[in-house]
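One letter stands for each residue in the lines below.
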Amino acid sequence: MTELSRIWRETEYRYNLIGFKCNNCGESYFPPRDICPHCHRESIGKMEKVKFSGNGEILSYTTVHDAPPAFKRQVPYLLALVKLDEGPVITAQIVDCDPDDVNIGKKVHMAFRKIREDGTNGVIEYGYKFKLD
Amino acid sequence: MLNNVYIIGAGETKFGELWDKSLRNLAVEAGLKAIENAGIYSRDIDAIYGANGLAGTINEQENIGALIADFSGLSTEGIPALRVEASTASGAAAVREAYLSIKSGEYDLVVVGGVEKMTDIHGSGILEKMSSILDREWEAFFGATPAAMAALIARKYMNDFNVEKEALSMFSVNDHLNASKNPDAQYRNKLTVQQAMDSIPVADPLNMMDCSPVSDGAAAIVLASENFVKKNKKEGVKILSSAVAEDYLSVGSRESIYTLKSTRLAAEKAFKKAGIKRDDISFMEVHDSFSIYGLLELEDLGFAEKGKAKNLVYDDIKLNGRLPVNPSGGLKAKGDPYGAVGIGQVVDAYKQLMEKAGERQIKHARYALLHNMAGTGASSVVHILGE
């Protein structure tokens, strides 16, 4: 069973789609990172939290048929790489749609959803998924 | 001139669902085979490097170095024994650490073993553990599995370069054909392209025959310095070069989702250090945990332009083709016991280069390229063997 703090410390980022922007080069990042991989030490102290718009497009997608226990109830589900308007590419599910409507290049926006269950007695974990525009 | 490093012995267990064998049984079996094959004695061993990916989570056993040394009967000798972990590239990473230890002049004789015991977890629970090779908090947390990430890469690749699913299936067909000649392989059945295409979906466009299996297995080799080889009149295969490179952990962070940059960088370094050309390579073993990676690797190792690997998968990669790939059966058919894979590749290449590969022997095999990759491409290790 996962300790609550492990989930709690990421909630700000997962609930609100908050990442980091390097104020040295202007590049945005998700997931959160403390150092800019382009600016290295120049970015120390210049990484700032930024809330993304939640808008983006599908870079690639797949229907997952074989999933770990925490996702068994959701099978089959759509997983995608979503390129956010601000630049970062994130891994997330696509929901509330006819799978036939999903395609590379389709515009999407963020939705707040239940992500997984940690067994029958553990916490229910929430975060971002995406819907077609 | 620093010490050259030679492989003077190799051994492995069968790969597969080996329910009667434990983590330690497997490690010891492979280790003893390698030591016997090399004709060396425990008193001569300077160090042991053990490769393993997931024993901590699957078998709830850490301290793998000590475990291997102890149950190989070497605890009384006080031989240093450490574990090397680099996810699914742990095997080749351990070979590299052992290579460097001899190259530095510190050691003359080192045993390198890799082991993974994956069937100790029931049902889909293993998929949860296997997904730890991804970014747990930002990929796996949201429902990604290793197959799903490979599928995301495959979909975009097929879309952008107009590649048909059949090209991916051909990679698995080749693996199965080669494995049918390998007694250590997990799956020795031949596969038709239709069977591969019609197998059950896992994460589309990938289906079961695009995915390596869950495997148990172990492999071990004995590395020796040039001094040791000369003094003891040993025969062996020279490690011409060893290189490793890294990329972002998550697929989404990378410059291009279908470019294995770590593979590209490691291959460039390995060729430069070995002083040979791509045309000189007699055969390759590549890390095709998913068929799509096989194609990407042909490209990023420098044997085809991006999007063009489809031209190699029908004929060139066959055992009797221009560039034989995975004569062992590869990860798809020989098997994919994470920490053992990279060393299993060396075991097979050693047999080829010593002309002891039996039915799957490649004629005039002179140089081998071995590629072992971590996760979805976060790390790649390339070795070139020969002479």
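Residues numbered from 1 in each chain as written. Chains lettered and ligands numbered in written order. Predicted model: local features only at pLDDT ≥ 70, side-chain atom pairs only at ≥ 80, totals over all residues. Heavy atoms only, no water.

**Structural notes on the sheet that holds strand 1 (residues 5-12) of chain B**
Residue and element names in this part refer to chain B. The mixed open sheet is built from nine strands, whose spatial order is 3-2-4-7-1-8-11-10-9. Pairing within the sheet leaves two strands with one partner each, and these edge strands are strand 3 (81-84) and strand 9 (283-285). Between one strand axis and the next, the sheet turns through 25° on average, direction left out of account. Across seven bridges, the pairing between strand 1 and strand 7 (residues 216-225) is antiparallel. Among the inter-strand pairings, G9 is bridged to a residue of strand 7, identified as V222. Here helix 10 (residues 261-274) sits on the sheet in contact with strand 8 (237-246), strand 10 (367-374) and strand 11 (379-386), set at roughly 145° to strand 8. (Pairing = 2+ DSSP bridges. Helix = DSSP H or I, 4+ residues; strand = E, 2+ residues; numbered from the N terminus. Axes fitted to C-alpha atoms, helices over the stretch in contact; angles between N-to-C directions. Contact = heavy atoms within 4.5 Å.)

**Regarding unusual backbone geometry**
Excluding glycine, most residues fall at negative phi; most peptide bonds, likewise, are trans. A cis amide bond links F30(A) with the next residue in sequence, P31(A), at an omega value of 0°. Geometrically, the link from V75(A) to P76(A) is a cis peptide bond, its omega value of -10° lying close to zero. With respect to the helices and strands, the residue P76(A) is situated in the loop between strand 4 (55-64) and strand 5 (77-84). For H40(A), which is not a glycine, the phi torsion comes out positive at approximately 50°. Take H40(A): it is sitting in the loop between strand 2 (28-29) and strand 3 (47-51). The phi angle at E355(B) is positive, at roughly 55°, despite the residue not being glycine.

**A few points about the interface of chain A and chain B**
Counting from both sides, the interface comprises 36 residues of chain A and, opposite them, 32 residues of chain B. Counting the surface lost from both chain A and chain B, the interface buries some 3000 Å², and carbon and sulfur atoms represent 61% of this. Run the count over chain A and chain B and you get three salt bridges. E137(B) is the partner of R14(A) in a salt bridge, and the nearest nitrogen-oxygen pair spans 2.8 Å. The interface formed by chain A and chain B includes 12 residue pairs in polar contact (both at pLDDT 80 or more). Contributions of two or more residues to the side of chain A that touches chain B are made by helix 2 (11-16), strand 4, strand 5, strand 6 (89-95), strand 7 (107-117) and strand 8 (124-132) of chain A. In terms of residues, the side of chain A that touches chain B owes the most to one element, strand 4 of chain A, which gives six residues. Here the side of chain A that touches chain B is composed, by residue class, of 21 nonpolar, seven polar and eight charged. (Buried area = accessible area lost by both parts, 1.4 Å probe. Salt bridge = Lys/Arg side-chain N within 4 Å of Asp/Glu carboxyl O. Polar contact = N/O pair within 3.5 Å; in protein donor to acceptor, adjacent residues only side chain to side chain. Nonpolar A, V, L, I, M, F, W, Y, C, P; charged D, E, K, R; others polar.)

**Thoughts on the nonpolar core**
If you look at the biggest cluster of nonpolar residues, it comprises 102 residues, and the most contacted ones within it are I94(A), F130(A), I281(B), M284(B) and I292(B). With 10 residues, helix 6 (residues 146-161) of chain B is the largest single contributor of residues to this core. The residues touching I292(B), leaving out its near neighbours within four places in the chain, are A150(B), I153(B), A154(B), Y157(B), L168(B) and L206(B). V112(B), V237(B), A349(B) and A368(B) belong to the second largest nonpolar core, which has 35 residues in total. (Core = buried A, V, L, I, M, F, W, Y, C linked by side-chain atoms within 4.5 Å. Buried < 20%, exposed > 50% of the residue type's maximum accessible area, 1.4 Å probe, protein only.)

**With respect to helix 1 (residues 23-38) of chain B**
Residue and element names in this part refer to chain B. A rise of 1.5 Å per residue sets the reference length of helix 1, with its 16 residues, at 22 Å; its end C-alpha atoms lie 23 Å apart and thus fit the reference within 8%. Residues of helix 1 that are buried: L23, L26, A27, V28, A30, G31, A34, I35 and A38. Where helix 1 terminates, the next one or two residues include G39, which has phi positive at roughly 65°. (Expected span 1.5 Å × (residues − 1).)

**With respect to the sheet that holds strand 1 (residues 18-22) of chain A**
Residues and elements named next belong to chain A. Here we have three strands laid out as an open sheet, ordered 2-1-3, and antiparallel in their pairing. What marks the edges here is a single partner per strand, and that holds for strand 2 and strand 3. By the bridge criterion, two bridges tie strand 1 to strand 2 in an arrangement that is antiparallel. Directly across from F20, in strand 2, lies its bridge partner Y29.

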